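One letter stands for each residue in the lines below.
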Amino acid sequence: EINSKYVAVMKVQEWLNEGRSEKQIFLSWNAGERAKKCGKGTNKHGVKYDSCSYITKALTAYAQ
């Protein structure tokens, strides 16, 4: 638990140091570091995803 929190904090700090915005950080966290824009669909394993909705919810929670 402590190790995973440490890794998460360090990764977010790295992205902040790169100049990423909150929106870009949430996208990278949800869709992967190489993601350039959010998307919605079903992956090759049949799992639905909606990174646009995730970002909206995350930004709302972050603002509170």
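For the structure itself, consult the block above.
Read on for an overview of the structure. All of these numbers come straight from a predicted model, not from anything done at the bench.

Considering the pattern of salt bridges
Oppositely charged side chains are able to pair whenever their charged atoms sit close together. Under the defined criterion, the tally for this structure stands at 4 salt bridges. Between Lys11 and Glu33 there is a salt bridge; the shortest N-O distance is 3.2 Å. You can see Lys11 sitting in helix H1 (residues 2-17) and its partner Glu33 sitting in the loop between helix H2 (22-31) and strand S1 (40-42), a full 22 residues away along the chain. Arg20 is the salt-bridge partner of Glu18, the closest N and O atoms lying 3.0 Å from each other. Salt bridges sharing common partners tie together Lys11, Glu14 and Glu33.

Observations concerning the environment of Lys48
Mapped onto the elements, Lys48 comes out in strand S2 (residues 48-50). Overall, the relative accessible area of 71% leaves Lys48 in the exposed class. Measuring from C-alpha to C-alpha, the distance between Lys48 and Ala58 comes to 18 Å, with 10 residues separating the pair along the chain. Among residues more than four places away in sequence, those in contact with Lys48 are Gly41 and Thr42.

The rules behind each value
- Residues numbered from 1 in each chain as written.
- Predicted model: local features only at pLDDT ≥ 70, side-chain atom pairs only at ≥ 80, totals over all residues.
- Heavy atoms only, no water.
- Salt bridge = Lys/Arg side-chain N within 4 Å of Asp/Glu carboxyl O.
- Helix = DSSP H or I, 4+ residues; strand = E, 2+ residues; numbered from the N terminus.
- Buried < 20%, exposed > 50% of the residue type's maximum accessible area, 1.4 Å probe, protein only.
- Contact = heavy atoms within 4.5 Å.

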